[in-house]
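Structure assessment
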Amino acid sequence: MTAADQGIACVQMILRQAVMLMQESAKIYCLCRQPYDELRPMLSCDHCNDWFHYDCTGLQPPGDNEDDDEVAPAEYRCPKCCIQVGNATRIFNTTPATACMLR
Ligand SMILES: [Zn+2]
Ligand SMILES: [Zn+2]
């Protein structure tokens, strides 16, 4: 390997790291494809492990005195996963039925 080759390999490595960093900071979530916003409560889908805003899924977010655990469904399936398994309109959870109503 020549010195020039080594230089190129080094630049490539730095570029790869920069791209990875950019992807990390631009991670987007939910159906609305927004980056994380600490002001908007989220819950995770038990099937794809993606995160979703309560208000985007039609679920009731936890109130000031409520715990996330008490409000979030024990098992949540996001609309995307509902569509994937072919029951987009089936009510999956007992609490707010809209969790699976997105068509
Ligand atoms: Zn959202
Ligand atoms: Zn999902």
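Quick look at the overall build of the chain now. Regarding its fold elements, the chain presents four helices and four strands. Within the span of the chain, comprising 103 residues, buried residues form 14% of the whole.

Glancing now at the confidence of the model for the chain. Averaged over all residues, the pLDDT of the chain is 78; the fraction at 70 or higher stands at 77%. The secondary-structure element of the chain with the lowest mean pLDDT is helix α3 (residues 68-71), recorded at 66, while strand β4 (residues 51-53) shows the highest, at 93. Taken together, the stretch residues 89-99 has pLDDT below 50 and engages in 22 contacts with residues farther than four places along the chain or on a different chain.

Once that is clear, we can look at the nonpolar core. Among the nonpolar cores identified, the biggest contains seven residues, and these are Cys30, Met42, Leu43, Phe52, Leu59, Tyr76 and Cys78. Contact partners of Met42, with chain neighbours within four places excluded, come to Tyr29, Trp51, Phe52, His53 and Tyr54.

Before going further, it helps to examine the environment of Pro73. Mapped onto the elements, Pro73 comes out in the loop between α3 and α4 (79-84). Residue classification places Pro73 among the partly exposed positions, given that 16 C-beta atoms sit within 10 Å. When the C-alpha positions of Pro73 and Ser44 are compared, they lie 10.0 Å apart, and in sequence the two are 29 residues distant.

Moving on, we get to the environment of Met42. Within the secondary structure layout, Met42 lies in strand β3 (residues 42-44). For Met42, a count of 20 C-beta atoms within 10 Å puts it in the buried group.

Below, the discussion takes up unusual backbone geometry. Located in the positive-phi region is Cys30, a residue other than glycine, with phi close to 70 degrees. With respect to the helices and strands, Cys30 occurs in the loop between β1 (28-29) and β2 (34-35). In this structure, Arg33 is a non-glycine residue whose phi angle is positive, near 50 degrees. Take Arg33: it is sitting in the loop between β1 and β2.

Quick notes on the rules
Residues numbered from 1 in each chain as written. Chains lettered and ligands numbered in written order. Predicted model: local features only at pLDDT ≥ 70, side-chain atom pairs only at ≥ 80, totals over all residues. Helix = DSSP H or I, 4+ residues; strand = E, 2+ residues; numbered from the N terminus. Buried ≥ 20, exposed ≤ 12 C-beta atoms within 10 Å, placed from the backbone. pLDDT = per-residue confidence, 0-100. Contact = placed C-beta atoms within 7 Å. Core = buried A, V, L, I, M, F, W, Y, C linked by C-beta atoms within 7 Å.

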